[in-house]
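# Survey of secondary and tertiary structure
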Amino acid sequence: MAMNTGGRLVAGSHNRNEFILINADEIGRIKSVHELSGQTCQICGDELEITVDGELFVACNECAFPVCRTCYEYERREGSQCCPQCKTRYKRIKGSPRVEGDEDEDGADDLEHEFHYENVDALGFLRGAGATASSSMNPGHNSSSQTLDIPLLTYGEEDFEEADNKNAIIVPPPVSHGNGIQSSTFIGENMATNPRPMVPEKDTALYGYGSVAWKDRMEDWKKRQNEKLQMVKHQGNDGDEYDPGLPMMDEGRQPLSRKLPISSSRINPYRMIIILRLVILGLFFHYRILNPVHDAFGLWLTSVICEIWFGVSWILDQFPKWYPIERETYLDRLSLRYEKEGQPSELVDIDVFVSTVDPMKEPPLITANTVLSILAADYPVEKVSCYVSDDGAAMLTFEALSETSEFARKWVPFCKKFNIEPRAPEWYFCHKMDYLKNKVHPAFVRERRAMKREYDEFKVRINQLVATAEKVPEDGWTMQDGTSWPGNNVRDHPGMIQVFLGNDGFRDIEGNMLPRLVYVSREKRPGFEHHKKAGAMNALIRVSAILSNAPYLLNVDCDHYMNNSKALREAMCFMMDPTSGKKVCYVQFPQRFDGIDRHDRYSNRNVVFFDINMKGLDGLQGPIYVGTGCVFRRQALYGYNAPSKKKLPSKTCNCLPKWLCCCCRTRKNKKGKSKNENRKSKHREASKQIHALETIEEGPEEPKAVFVPPLSQEKLEKRFGQSPVFVASTLVLDGGVPKTISSTTLLKEAIHVISCGYEDKTEWGKEIGWIYGSVTEDILTGFKMHCHGWRSVYCTPKTPAFKGSAPINLSDRLHQVLRWALGSVEIFLSRYCPIWYGYGGGLKWLERFSYINSVVYPWTSIPLLVYCTLPAICLLTGKFIVPEISNYASIVFMALFMSIAVTSILEMQWGGVGLDDWWRNEQFWVIGGVSSHLFALFQGLLKVLAGVNTNFTVTSKAGDDGEFSELYIFKWTSLLIPPTTLLILNVVGVVVGVADAINNGYDSWGPLFGKLFFAIWVIMHLYPFLKGLSGKQERVPTVIIIWSILLASILTLVWVRINPFVLRDGPVLEICGLNCNDK
């Protein structure tokens, strides 16, 4: 950080390595650079200036929100002229030019800065050049923001004759940019200067050229400062035009992202309805509990218990959506700040993890497209490394990746040359779009046709590999050199690492570098617990730390390709933001899917979750981790706590509690101190201080930041494992690997860290990396980070960052939901359950509500199943769960239904969710709740309590045999039995109830209405399930019909036997008036 001299004269000695500031005020007090450093600007991150009175620069006298002079003047000139915190209009401070609205303000005249900026469009924040080194003597000029580029004594323009004769020192105009940087680079030739020397008749040659020993170093420093002010091009400009008149120190220093709160016209009514619904819910339970149904007490009690559970679940789900926000990124500012023209990119390195297990269920072509989209990302190639984890040790995956690396040499330059989107070839060539839009290169059509032919040949080679892999030789596979493939035994094989791309010998067809591509298959041996996907991810963390050690990691599933080539830049707008990025542990992107039918009958898109729930969490402590499409900070995965926020100095005394303290004074009272008190306090300090010359800013050439943990080397190895190279890499905050270590040594160390026993007696999976203990390791991992005080960010770019393939047929979809619910049950029964874990850390209460809801929801399956059975029971028995409804009860019921509807409508409004998506989500919540969630609950209980493990089957991905071909495929599973039984029971109940009402006359239709409404509600929610059973042929499988009719018949007969439609006293016989004996 450049030192702010505050208009003081600079002196020193290079030989003694001293640097002295001599004050020019009436007291002569000198402050050190350490003392001058204070709070930082909350907009640009620069340190606040020190005024001539020795006080921090204060822009707002109401709330003292820390803003530097540069941002203060920019906000007054170009912005809203209000404080960002308290929204009070900024008052004019001496030394600042007047703007519109200052005419009515009272205050001393400041004629020197009375007028507006000169050449604002060309100069950014440049102010008038009339101040001098002695401007602190001018009562109308505030010199708090002036700094010295080099030792001064001439004014504004360099006199080369004098410089060559070494008889003067140059004084540039005192232009401040708020962070102690000055430059005369943008001063035009015609700009008028108005020097005001104290002794204008004195010959400048009499001053000599003191501090000449610093000349080379100071000029080098000045050059680096001028480089920061250069104009740079925006990303994507085809011409030579610069961005409209904004220097880098103006636009590039601005925040890289910002929050976009939901407008008050939308969010305030939503919150009011939530509170109103909570009150109505209380009235509803008051009525239900105090008005039992005596002739159906069991049904009433069961229904009330279910409704109470639903109410608690609603609270856990609703209140984490209290502060929904959206976010906006500025990719141009990221480029301005970290990609200076003519210099190497300063963007940080990123390691990308792609995980796959079974190539027969996760087709290699899909994995290849994901890898190709990553290699072609719009990011510096030398800063991207792609690691593919093959947890099935399949030679098919290895050979397919080899073919992919060869095809990438042609595909990557084609994408970057013509700015192709998306950069997964399968989806680029199959999308029905105008591929000539915005394309002006004359060779584009010819090269696209050639590339399409190359990709078709690539697909044929991949398909040939798949066909060959279907018939495994008895002796296993062999490699090209004749040696046996190490992964022939999937459960017993050594670790394997192969670097396909990234060496100097592997370049694209145009001779350019390519990102690193590494194949990794961790070691597996019998008798070791490998922890499935979580263990594979932790192995990738260690391998990547040895080979590249990027400070940030991107995790994607093999079927989630990069749909937006700028996705990495989107994430870096949050991670690399100097003001808000330090506490961000990960940036989560929403999941979007291809290949789903327009109706999305099984709610595969999960739009309600990703566009409503996740936006609500983003306003708290951040979204939960969903397993893919997430950029992590490596230090957060290592289990470190988030950086603590510096506490501001207390404004109260320490003698009493803050709420009792009467010693706090307003800012005006502080300014009311007498000058005598100020002089006494200043005289008690030293009159001058000596500073090392190294305090001058040295530019970007800084050593790598090293984290010094409070642990010994022995404890570090016990925490991270017995690898000195890996342990050393964990202490480097900025990433990178030592250049002195050979690649062979690094590969040997990488093999060591993926061995089976490496994690034994360490904290891997407990405090470090992906957390073990659940098949849904994503929820646990994000939860642990939030407990350490980190926050996460939800990034929703206009063009979806990633897109994937979803299981679109009913059976696969239910198995996918079963896996998620099983993981939640495992977490609920573990020590990491958010109900009792993580107190005293950094987890916020509403965020905890969300995590509790994420592990409790499978338990809702029991009351949901019971509640969906009640309509059929009521119709079959002629009883109901509610007594005769009074006017009060009618009002409460109607108010409850209306509040539910209005809440949903307002959520759809601020979340941008359509009615169809919302209704599909409601339907599948019932379908999954009575099937997958129920089975997951029992499987989880058996696994945790009885030790019975259930194997997780990888969900098969969509094929390419036709559009939505798999939508109509039926696969038998026991998950289909409960919802089918419910559907038949309620249909039978409706038929019986209507028939009974017809037989009993008009009076029986009134009580029947509530029961019918209840049953039809269940049938409507199960309707997509009915369509899934019928399939394309409109025929339900025989096995489903047999099982469902059997169960429905048994339940029906049991209830008829227990409570038939006739009275217990026998039938009532009445005389009908007809003589049956008459003939």
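Residue numbers here run from 1 along each chain, matching the order of that chain's written sequence. For this predicted model, a pLDDT threshold of at least 70 governs which residues receive local features, and a threshold of 80 or more governs which side-chain atom pairs are given and counted, while totals over whole chains, interfaces and linings are taken from all residues. With hydrogens and water stripped out, all remaining heavy atoms of the structure feed into the side-chain values.

Note on conventions: DSSP H or I runs of at least 4 residues are helices, E runs of at least 2 residues are strands, and numbering of each starts at the N terminus. Looking only at helices and strands, the protein chain features 33 helices and 16 strands. Counting all 1079 residues of the protein chain, 51% fall into the buried class. Contact definition: two residues touch when any of their heavy atoms are within 4.5 Å. Here the analysis covers contacts within the protein chain between residues at least 6 apart in sequence; of these, 76% occur between residues at least 24 apart. All accessibility values rest on the Shrake-Rupley procedure with a 1.4 Å probe; residue burial counts only the protein chains present in the view. As displayed, the protein chain has an accessible area near 52,900 Å², and 56% of this comes from carbon and sulfur atoms. Each residue's exposure class comes from its accessible area (1.4 Å probe, protein chains only) as a fraction of the maximum for that residue type: buried when under 20%, exposed when over 50%, partly exposed otherwise.

Bringing the sheet that holds strand E16 (residues 802–805) into the picture now. By definition, two strands form a pair when at least two bridges between them are found by DSSP. Strands sit in the order E10-E16-E12 across an open sheet of three strands; the sheet is mixed. Each having just a single partner strand, strand E10 (560–562) and strand E12 (592–594) make up the two edges of the open sheet. Within the sheet, the average angular offset between the axes of one strand and its neighbour, ignoring direction, is 40 degrees. Against the sheet, helix H10 (residues 364–375) makes contact with E10 and E16, and its axis sits at roughly 25 degrees relative to E10, the strand it touches most. The angle between two axes is taken between their N-to-C directions and runs from 0 to 180 degrees, where each axis is a line fitted to C-alpha atoms and a helix contributes only its stretch in contact.

Let's shift gears to the sheet that holds strand E11 (residues 584–588). Strand order in this open sheet of eight strands is E7-E8-E6-E5-E9-E13-E11-E15, and the pairing throughout is mixed. Two strands close off the open sheet at either side, each with one partner strand: strand E7 (496–501) and strand E15 (791–794). Taken pair by pair, the neighbouring strands of this sheet meet at an average axis angle of 20 degrees, ignoring direction. Inspection of the sheet shows strand E9 (residues 552–557) paired to strand E13 (residues 630–633) by four bridges, in the antiparallel sense. Across the sheet, the residue bridging to Leu554 is Val631, located in E13. Strand contacts of helix H23 (residues 777–787): E11, E13 and E15, with the helix running at about 145 degrees to E11, the strand carrying the most contacts.

Let us look at the side chain of His530. Take His530: it is sitting in the loop between strand E8 (516–521) and helix H14 (532–547). Excluding its chain neighbours within four sequence positions, the residues that come into contact with His530 are Arg522, Glu523, Lys524, Arg525, Gly535 and Cys756.

Residue count minus one, scaled by 1.5 Å, sets the expected span of a helix. With 19 residues, helix H24 (residues 810–828) extends 27 Å from end C-alpha to end C-alpha; this agrees with the ideal 27 Å at 1.5 Å per step. For H24, the tally of buried residues reaches 17 of 19 residues, placing the bulk of the element in the interior.

The next subject is the confidence of the model for the protein chain. Chain-level pLDDT for the protein chain is 74 on average; 67% of the residues reach the 70-or-more range. pLDDT measures how confident the predictor is about each residue, on a scale from 0 to 100. Ignoring residues within four places in sequence, the model shows residues 650–703, a span with pLDDT below 50, making 73 contacts including any to other chains.

Now for the environment of Gln939. Mapped onto the fold, Gln939 is located in helix H29 (residues 932–946). Classification of Gln939 by relative accessible area gives partly exposed; the value is 21%. The spacing of Gln939 and Val825 is 114 residues in sequence and 8.8 Å in space, taken between C-alpha atoms.

Salt bridges, as used here, are contacts in which a Lys or Arg side-chain nitrogen is within 4 Å of a carboxyl oxygen on Asp or Glu. In total, this model carries 31 salt bridges according to the counting rule given. The partner of Arg409 in a salt bridge is Glu406, and the shortest N-O contact between them spans 3.3 Å. One end of the pair, Arg409, and the other, Glu406, are both in helix H11 (residues 395–418), three residues apart, so they sit about a helical turn from each other. Classification of Glu406 as partly exposed rests on a relative accessible area of 40%. Residues Arg592 and Asp611 are paired through a salt bridge, measuring 2.9 Å at the closest nitrogen-oxygen approach. Taken together, the residues span a long stretch of sequence, with Arg592 in strand E12 and Asp611 in helix H16 (residues 607–618) at a distance of 19 residues. Residues participating in the shared-partner salt-bridge network are Glu339, Asp378, Lys566 and Arg569.

Attention shifts here to the pairing of strand E5 (residues 350–356). Here E5 lies mainly inside the structure; seven of its seven residues are buried. The alternating pattern of E5 places Ile350, Val352, Val354 and Thr356 on one face and Asp351, Phe353 and Ser355 on the opposite face, and all of these are buried. Relative to strand E6 (residues 384–390), E5 is paired through seven bridges, and the arrangement is parallel. By the bridge assignment for E6, Thr356 is matched with Asp390. Looking down the strands as they point away from you, a crossover is right-handed if its path from the first strand over the helix to the second goes clockwise. In this view, the connection linking E5 to its parallel neighbour E6 by way of H10 has right-handed handedness. Direction of pairing for E5 relative to E9: parallel, over a ladder of six bridges. Among the inter-strand pairings, Asp351 is bridged to a residue of E9, identified as Leu553.

Bringing the pairing of E15 into the picture now. The two faces of E15 match: Arg791 and Val793 on one face and Ser792 and Tyr794 on the other face are all buried. Inspection of the sheet shows E11 paired to E15 by four bridges, in the parallel sense. Paired with Gln588 across the two strands is Tyr794, which belongs to E15.

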